[in-house]
Structures are given as structure tokens and as C-alpha cells.
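# An overview of the molecular structure
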Amino acid sequence: MLLFGLTYQVGQAKQPSEYQLKAAFLYNVARMVDWPKADRKKPLVVCLVGKDPFGAALNSIKKKKVKKRPLKFMMDVKISDISECNIVFITQDVQDSLTTNILPSIENQHILTVGDVPDFATQGGMVNLLKNGERIAIEINLKAVKASNIVISSRLLTLAKIVDE
């Protein structure tokens with residue numbers, strides 16, 4: 001099966017887990033995003049806010065590069081440190097503070113917000129990765145993306161469901 005350029009053997013004894021798929025999607029979403037005034041000499045910083053649901057699943061992408069930039073991961077990031085991030089992945093365990101603390105602290109910054117929280121995109125998050133059976137569905141909130149001056153590839157937009165806040 002071809003998934004955003006990553007191949008999994010059909011008939012393989014073990015199918016990839018939900019978070020192995022989401023790690024692959026996270027990497028490929030990053031490849032299809034342009035940040036304004038990106039410093040191409042610095043790593044692309046991916047931050048997790050909340051408990052890490054990925055575990056070892058991130059190992060498959062940790063040594064990859066996005067547009068010649070190495071990936072750097074910061075785990076269990078506090079809101080006060082979010083400004084260091086290019087991508088913030090918001091986990092399900094912090095969804096109660098999503099609209100009150102997390103998203104308002106990122107507003108008007110060039111930070112791509114990604115989550116896997118129900119209604120994440122409709123609450124102001126940019127990219128939501130939702131499990132849909134054995135697949136991962138993508139929702140994108142274009143209003144939130146445009147407000148941050150981030151540009152998402154039209155190729156990614158054609159794969160996603162566009163939602164309004």
C-alpha cells in the first residue's frame with residue numbers, strides 16, 4: 001500500500017499501528033507546508049503538547065529531513081515554550097485546554113498546529129489526523145492556516161476535507 005510515498009507491504013504479517021500511520025502523515029504533511037521566513041539552516045522543530053501517544057512510532061521519521069532541514073522533536077512541551085516550534089502536535093489528553101489555552105497562545109504565529117482530537121479543526125486547529133477505520137483521514141481548517149501565513153500544498157488540500165470554524 002502506498003501512503004504519501006511510504007510503502008507498506010500488502011500481506012505483511014503486521015499492519016502499521018494507528019500512530020505509525022499518524023507519524024508517516026505528520027512527516028508528509030510537513031513536506032507539503034511552507035513557512036514564511038523559514039530559516040533553512042535550522043532544524044524543523046516538531047513539538048508534542050500532552051502525553052506522547054506515538055512512542056516508538058516516531059523513530060521511523062526522526063532521521064528524515066524536510067526540505068533539507070533535519071527534524072528535531074520536543075516532547076511534553078509547555079505552552080510557554082511553544083514559540084520555539086514549527087509544528088505543534090496536540091494530543092488527546094489536553095483537548096480540554098485546546099481552545100482556552102493552547103490555540104490562543106499560538107494565534108498569529110507561523111506554527112502549524114496538528115492534532116488527532118475530535119473537532120480539532122473546527123475549534124481552530126489547522127490539520128486534524130483522524131482514524132477512520134483502518135485509514136487516517138485529514139481535515140484542514142484553511143482559515144486558521146491562512147491566519148498564520150503558512151502555505152499548504154494544493155496536493156495536500158485535495159486529499160483533505162476542508163472544514164470551517
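Look up: the structure comes first, before these words.
Read on for a plain summary of the structure. Starting from 1, residues in each chain are numbered consecutively following that chain's sequence as written. It should be noted that, the model being predicted, local features are given only for residues of pLDDT at least 70 and side-chain atom pairs only at 80 or more, the latter also being counted only at that level, while totals for whole chains, interfaces and linings use all residues. As a rule here, side-chain values come from all non-hydrogen atoms in the structure, and water together with hydrogens is ignored.

### Here's the deal with the packing of aromatic side chains
Rules: Here a pair means two rings of Phe, Tyr or Trp (six-membered ring of Trp) with centres within 6.5 Å. Their orientation is stacked below 30 degrees between planes, edge-to-face above 60, and tilted elsewhere. Put simply, DSSP marks the helices as runs of H or I at least four residues long and the strands as runs of E at least two long, and each gets a number from the N terminus on. Any residue under 20% of the maximum accessible area for its type is buried, any over 50% is exposed, and the rest in between are partly exposed; the area is computed with a 1.4 Å probe on protein chains only. The criterion for a charge sitting over a ring is simple: Lys NZ or Arg CZ within 6 Å of the ring centre, and within 35 degrees of the ring normal.
Under the criterion given, the structure shown has two aromatic pairs. Ring centres of Tyr19 and Phe54 lie 5.2 Å apart, and the angle between their planes is 80°; on these two criteria the pair is classed as edge-to-face. One end of the pair, Tyr19, is in helix 1 (residues 18-31); the other, Phe54, is in the loop between strand 4 (44-49) and strand 5 (65-66), and 35 residues separate them in sequence. For Phe54, a relative accessible area of 5% translates into the label buried. On the numbers, 5.0 Å between centres and 70° between planes, the contact of Phe54 with Phe89 is edge-to-face. With a gap of 35 residues between them, Phe54 in the loop between strand 4 and strand 5 and Phe89 in strand 7 (residues 87-90) connect regions that are remote in the sequence. Each member of the pair Phe54 and Phe89 is classed as buried. An aromatic cluster is defined as three or more aromatic residues linked by ring pairs; in this entry it consists of Tyr19, Phe54 and Phe89. Sitting over the face of the ring of Tyr27, Lys64 holds its NZ or CZ atom 5.4 Å from the ring centroid.

### Remarks on the state of the cysteines
In plain terms, the rule: The criterion for a disulfide is a pair of cysteine sulfur atoms lying within 2.5 Å.
The full count for this structure, using the stated rule, is one disulfide. A sulfur-sulfur distance of 2.0 Å marks the disulfide that ties Cys47 to Cys85. Because the sign of the S-S torsion sets the handedness, a value of about -95° for the bond joining Cys47 and Cys85 places this disulfide among the left-handed ones. In this pair, Cys47 sits in strand 4 while Cys85 sits in the loop between strand 6 (69-74) and strand 7, placing the two residues 38 residues apart along the sequence.

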